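Spelled out, the chains give:
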Amino acid sequence: MLFLMAIAAGVLFAVGIFMILRRSMVKVLVGILLLGYAANLLLFNAAPLMRGVPPLIDPVMGVPADYADPVPQALILTAIVISFGVTAFAVVLIRRVYAVTGTGDLDNMHCTDIPCESEEILSDLEDEIK
Amino acid sequence: MTALSITILAGFLIAILAPFLTRLMKHRAAFVLALYPLAVVMQLLALQRGSFTAPSIQFPWVPSMGLWMTFTLDGLGFLMGMLIAGIGTLVILYGGEYLRDDPYLERFFLWVIIFMASMLGVVTSGNALVLFVFWELTSISSFFLIGYKFEYESARAAAWQALLVTGAGGLAMLAGLVLLGQITGSFEINQWLQNPKLVQESSLAPAAFILILLGAMTKSAQFPFHFWLPNAMEAPTPVSAYLHSATMVKAGVYLLARLFPVLGGLALWNQVVPWVGLLTLVGGALLALGQTDLKKLLAYTTVSSLGGMVFLLGLGTPLAVKTAMLFLLTHALYKGTLFLVAGGVDHAAGSRDIRKLGKLAKLMPFTTLAAGLAALSMAGIPPLIGFISKEYVYESTLYYSNLPFILTGLAVLANVANVAVAGWVGIRPFWQQPEQKDEDLHLHKESVWLWIPPLVLAITGLFMGVFSQGAAQTWVAAATSSVLQEISKVKFSLWHGITPMLILSIVTLIIGVVVYLTSRTLIPGLAAFWKKLSFVGPNLFYSRSMRAFLSVAGWQTKILQSGYLRYYIITIIVTAVTLAVVTLATRYGRLPNPQWTQPRFYDVIFIVIIITSAILVTRAVSRLATITLLGAIGFSIAILFLLYSGPDLAMVQFAVETLTVILFVLVIYQLPKYTKSNYPIQANVLNIIVSVAGGVMMAVLMLLTSAVPSNSTLAPYFMENSLELAKGRNVVNVILVDFRGLDTLGEITVLMIAAIGVFALLGLKKGSKSGGNR
C-alpha cells in the first residue's frame, strides 16, 4: 500500500510542479493546491499505515494496544485548514489582479524593479526627444 | 585630557545644532561656530606649557570585549591638532563668507564640523579601532563635502570616487590593524609602541604593514591612488583648502608616523615606503606643470608634497623624520593659504584659469599680499618657513646612506616644479598681464572675510620663519620625539653659512624661475603629453573597473532576477533534487528496504482515481473540468484518510473540499480564461523533466523515510496523557486544542488574516488601482 501511496504522492508532486511552471495564473493556483495534497499524503505516510485503529481512547478499554500515530494526523489537520485559507486568498487575489491588469498571463507581469509601464513611458520620452 | 576629549566629542553635537543656528543667523553663524575649533586651539595651547602630552583617558566602549575608547595626546597629535583646529577656525570664517548666499550653507557647516571633530578624534585616539571609526568618519564627511554641489554630475562622481578609494583603503587598513591586534593581543596603540619587538618578529607583520600602508596611501593620495585628489577639487574651495590639502589627506602621513616605531623597523618599510613617496613626489610635481586651473595646480602639488612627506618618513633617519614633521607644518601653512587665495580670486574674478587672470593686485591688495607670502614660502625663499623646510629636505637626502645624489636630484626636480607653480598661483594672477582676454570675467573687490583668513595663515608662516626658534621649533621637536619615541632636539635657523643645501636651494630657485617664465609653451606641451599617457593612468583604470563592475552586476541580476516565476521555481527544484541525490549517493552506502502491506482492492481504485485525475489536470482545457478533477482528487484522498485510521482528517478534508469547490464555482467566471499558450517545445520538455524529477525524488524520499523504523515517543505520551491531563478521548483533537493549543491559536490567526485579506480585496471596486472604497 505504501508503494502505491508513494506513487500517488509522487505523481501529485510532479503534476503540481508542472502546473506552477505554467504561464496562466489559474494553473499556478491549481499547482499549489496539488502540492498541498501531495504534502498531506507525504505527512500521512510518515507514520506506519494502519487500518481500523484510529487514535481514540475507549471509555471501557482505555488506551488501545494498537493505534495510528496521532501526531502526523494533527499536523495534516492544520495543513488542510491553512491550505484552504491560502486557496481562498489566492483565488480572490487572482481575481483582483485580473480585474486590474486584464491579463492572466504571468509573462505579462515579469518586471522586477521598475514597473513595465514606467519603462515604456521612459522609452516613449526618449523617442519624443529624438 | 578629559576636558580636551570632551570638547572634541562635543563637536558632533555642535555639528547637529549647526543647521538650526544657520537658519537663525544665516552666514553669520560662522562667527559662533568658529568658537568650537578656537576652544580646541586654546586647550591645546594650555597643554603646551607641559610637555605636550596629556595622560590618556578611557571611556568604556565594549569592556567585555576589551574595547575602550582611549584618548591620548602627544607631540605628534598636538602638531596635527593645532593644524586641524587652527586652520579649521579660519576655514569656518572663510566658508561663511564664501558660501554666503548658498542655499545649502547649513550642510557645509554640518559636515565641516563633523569632519573637524572626526579628524581631531583620529589624531587623539589611543585605540586602533577608535582611530579607524574616526578615520572612516572623515572619509564620509569628505564624501558629503566633495558632493556639496550635488546638482552637478561631476561633483557626485568625484565624491563617489573619493569615498570608494579611501573607503577601500580604510578597509585594508582595518584588516592591518586587526592583524596587529592579533599579534600583540591589544588594540591600544600605546601597547604596540611599547613592544615593537613583538610585532617585528611576527611572521604576520609584513601583511599587516602592507595593509596599513594601503590605507595610508589611499588617504594621502599616493601613487597609484593619487587620482581622486585632483578630482576632489569639485568641492567648494574652503573644503579643498581644509580637507584636501591641510588636514585630511595628511591622515595617511599621520598614520605612518604614528606607527613608525612599530613598523619602521621592518625591512619592508625601507624597501617600499620611500619609493612610493618618491614616485608620488616627482609624479605629482610633473603632473602639476601641465595644469592651468588654479585649484588643479595646487592639488597636484599637494599630491607631490604628500609624496614628499611619505618619502621622508620612509627614509626613516632621525633627520628625515624631523624634516617630515617640519614639512607637514609648513605645507599646511602655505598650501592652505594658496587654496584660500584661489577661492578669493575665483570669487572676485569668476575664473580660476591662470591664462585668463592678471593684474589683480590693485583690485585685491590684501589677497595679493597673502598670496605673495605663501608663494615665497612654497618656493622656499627666506625668511619664510618654507625655506627652512626645503633646506632640511635637501639635507635629509644628501646625507642618506643610499643613492644620495639620485634622491637629491629628484627632490630638486620636484622643488623646481613647486617654485614654478608657486609663481603661477601666487604671483602671476596679481601682477602680470593676462595671457588671454576673457570678456566673461566680472571683476569685483575682495571681501573682508575672504582675505583675513589666508592673510592670517600667510603671516603665521612668515613669523614661524623669522622666529623659527619659537613655536615651530618646539612643536616640531615634540612631534619628532613622539615619532621616534625618544627626546629629540631640534634647532632651526635661517642662516647656516654656505652649505651644499644653500647652493642647491639657489639652483632650484633659478631653474624654477626659468620654468615659470616658459609657461606659455610648457603647460600645453606637458598637458598634451599627459593626455597621451592617460590610457595607462589609474583614473582610466578606475572608470573602466567601475563600468565593468556595473555591467557584471547587471548581467548577474538579469540571470538571477529574470522576473519569471517559473525560472525561480525551476532553480529551487533543481537545487533541491541535486542536493538530495548527492546526499543519498554519498552518505548512504546501503539504502534501507521499504516494507509495505498488501493493498486492498478499493485502495487501488482510489489511488488510480488520484493518479488519473492528476494527469488529466495537465490536459484540461476548461476551468470547470480542472475544478472537477481537483474535487475528485481531494475526495479520494479523504477516503484514503478514512480507510487508514484518520476519521478526523477525512471529515475535515470532506468539508474543506466541498468549500473549495463552492468557492471556485462562485468566482470561476471572474477568473482569467485558459488560453492556448504557445510554449516552445524545449521549454515544455524542460518543465516536464524538472517536474518529473521533483516527483520521483519526493516518492523515493517517502519510501525511504517510511523504511526507517519510527520509534516516536510522542505518540505513546499523547495516548497515555490525553484522558488524564486533558480529559479528552479523541487524541488528535486533544493535541490540537490542548497540548498544542497555542499553535492552533496561530492557525486561527492566519485564517483571520486571510479572511480580512479576502474581504478587503472583494471590497475594492473593479477599476480602482489604488485601493479603498471611494
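This one's a predicted model, so the numbers in the text were calculated from it and none came from an experiment. (Residues numbered from 1 in each chain as written. Chains lettered and ligands numbered in written order. Predicted model: local features only at pLDDT ≥ 70, side-chain atom pairs only at ≥ 80, totals over all residues.)

### As for the overall build of chain B
Then comes step 1: Secondary structure assignment for chain B yields 34 helices and two strands.
Then comes step 2: Computed over its C-alpha atoms, the radius of gyration of chain B comes to 38 Å, more than 25% above the 28 Å expected for a compact globule of 774 residues.
Then comes step 3: In terms of overall dimensions, chain B has C-alpha extents of about 120 × 65 × 50 Å along its principal axes.
Then comes step 4: Within the span of chain B, comprising 774 residues, buried residues form 48% of the whole.
Then comes step 5: When contacts within chain B are restricted to residue pairs at least 6 apart in sequence, those whose partners lie at least 24 apart make up 77%. (Helix = DSSP H or I, 4+ residues; strand = E, 2+ residues; numbered from the N terminus. Rg over C-alpha atoms; globule rule 2.2 N^0.38 Å. Buried ≥ 20, exposed ≤ 12 C-beta atoms within 10 Å, placed from the backbone. Contact = placed C-beta atoms within 7 Å.)

### Some details on unusual backbone geometry
Residues and elements named next belong to chain B.
Then comes step 1: Here the residue pair F223 and P224 is connected by a cis peptide bond, since its omega of 0 degrees sits within 30 degrees of zero.
Then comes step 2: Locating P224 in the fold gives a position in the loop between α10 (205-219) and α11 (228-231).
Then comes step 3: In the segment running from P382 into P383, the intervening peptide bond is cis, with an omega of 5 degrees.
Then comes step 4: For P383, the location among the structural elements is in the loop between α18 (365-379) and α19 (385-398).
Then comes step 5: Not every positive phi belongs to a glycine, and K359 is a case in point at roughly 55 degrees.
Then comes step 6: By the element assignment, K359 lies in the loop between α17 (318-349) and α18.
Then comes step 7: A count of 13 C-beta atoms within 10 Å places K359 in the partly exposed class.
Then comes step 8: In this structure, S645 takes a positive phi of about 65 degrees despite not being glycine.
Then comes step 9: Within the fold, S645 resides in the loop between α29 (623-643) and α30 (647-667).
Then comes step 10: Assessed through the 23 C-beta atoms surrounding it within 10 Å, S645 is described here as buried.

### Observations regarding the domain arrangement of chain B
Then comes step 1: Parsing chain B into structural domains produces domain 1 (271-517), domain 2 (597-674) and domain 3 (714-774).
Then comes step 2: Each of domain 1 of chain B and domain 3 of chain B was reduced to a C-alpha centroid, and the two centroids are 79 Å apart. (Domains from an automatic or database assignment.)

### Thoughts on the interface of chain A and chain B
Then comes step 1: With 82 residues of chain A at the contact, the number on the chain B side is 88 residues.
Then comes step 2: Mapped by element, the contributors of at least two residues to the side of chain A that touches chain B are α1 (2-20), α2 (25-44) and α3 (70-101) of chain A.
Then comes step 3: The greatest single-element share of the side of chain A that touches chain B, amounting to 25 residues, is contributed by α3(A).
Then comes step 4: Taken together, the residues of the side of chain A that touches chain B break down into 63 nonpolar, 13 polar and six charged. (Nonpolar A, V, L, I, M, F, W, Y, C, P; charged D, E, K, R; others polar.)

### Description of helix α28 (residues 601-619) of chain B
A turn of α-helix holds 3.6 residues, and therefore any two residues three or four places apart point the same way.
Then comes step 1: An ideal rise of 1.5 Å per residue puts 27 Å on 19 residues; α28(B) measures up with 28 Å between its terminal C-alpha atoms.
Then comes step 2: Turning to α28(B), its buried residues number three or more, namely D603(B), F606(B), I607(B), I610(B), S613(B), A614(B) and V617(B). Buried residues of α28(B), seen end-on, are gathered within an arc of 130 degrees and therefore sit on one face of the element. Of the exposed residues in α28(B), the ones pointing more than 90 degrees away from its buried face are F601(B), V604(B) and R619(B).
Then comes step 3: Considering only its buried residues, α28(B) is in contact with α1 and α2 of chain A together with α29 of chain B. (Expected span 1.5 Å × (residues − 1). Arc of directions from axis to C-beta.)

### Notes on the nonpolar core
Then comes step 1: One finds L79(B), I113(B) and L313(B) to be the most contacted residues of the largest nonpolar core, which totals 197 residues.
Then comes step 2: Here the element with the most residues in this core is α17(B); it accounts for 19 residues.
Then comes step 3: The contacts of I113(B), once residues within four sequence positions are left out, are G11(B), I14(B), A15(B), A18(B), L33(B) and Y36(B).
Then comes step 4: Residues I17(A), Y37(A), L75(A) and I735(B) belong to the second largest nonpolar core, which totals 72 residues. (Core = buried A, V, L, I, M, F, W, Y, C linked by C-beta atoms within 7 Å.)

### Observations regarding α30(B)
Then comes step 1: Here α30(B) is 21 residues long and its end C-alpha atoms lie 31 Å apart, about the 30 Å a rise of 1.5 Å per residue gives.
Then comes step 2: Buried residues of α30(B): D648(B), L649(B), A650(B), V652(B), Q653(B), E657(B), T660(B) and F664(B), and no others.

### A look at the packing of helix α4 (residues 75-98) of chain B against helix α12 (residues 237-246) of chain B
Residue and element names in this part refer to chain B.
Then comes step 1: Their axes nearest at 8 Å, the elements α4 and α12 cross at an angle of 165 degrees. As judged from the angle between their axes, α4 and α12 are roughly antiparallel. The handedness of the crossing between α4 and α12 is left-handed. Contacts from L83, I87, G88, V91, Y94, G95 and Y98 in α4 reach T237, P238, A241, Y242 and A246 in α12.
Then comes step 2: A class-by-class count of the residues in the contact of α4 with α12 yields nine nonpolar, three polar and no charged. (Axes fitted to C-alpha atoms, helices over the stretch in contact; angles between N-to-C directions. Parallel < 35°, antiparallel > 145°, perpendicular 65-115°, else oblique. Left-handed = near helix turned anticlockwise from the far one by under 90°.)

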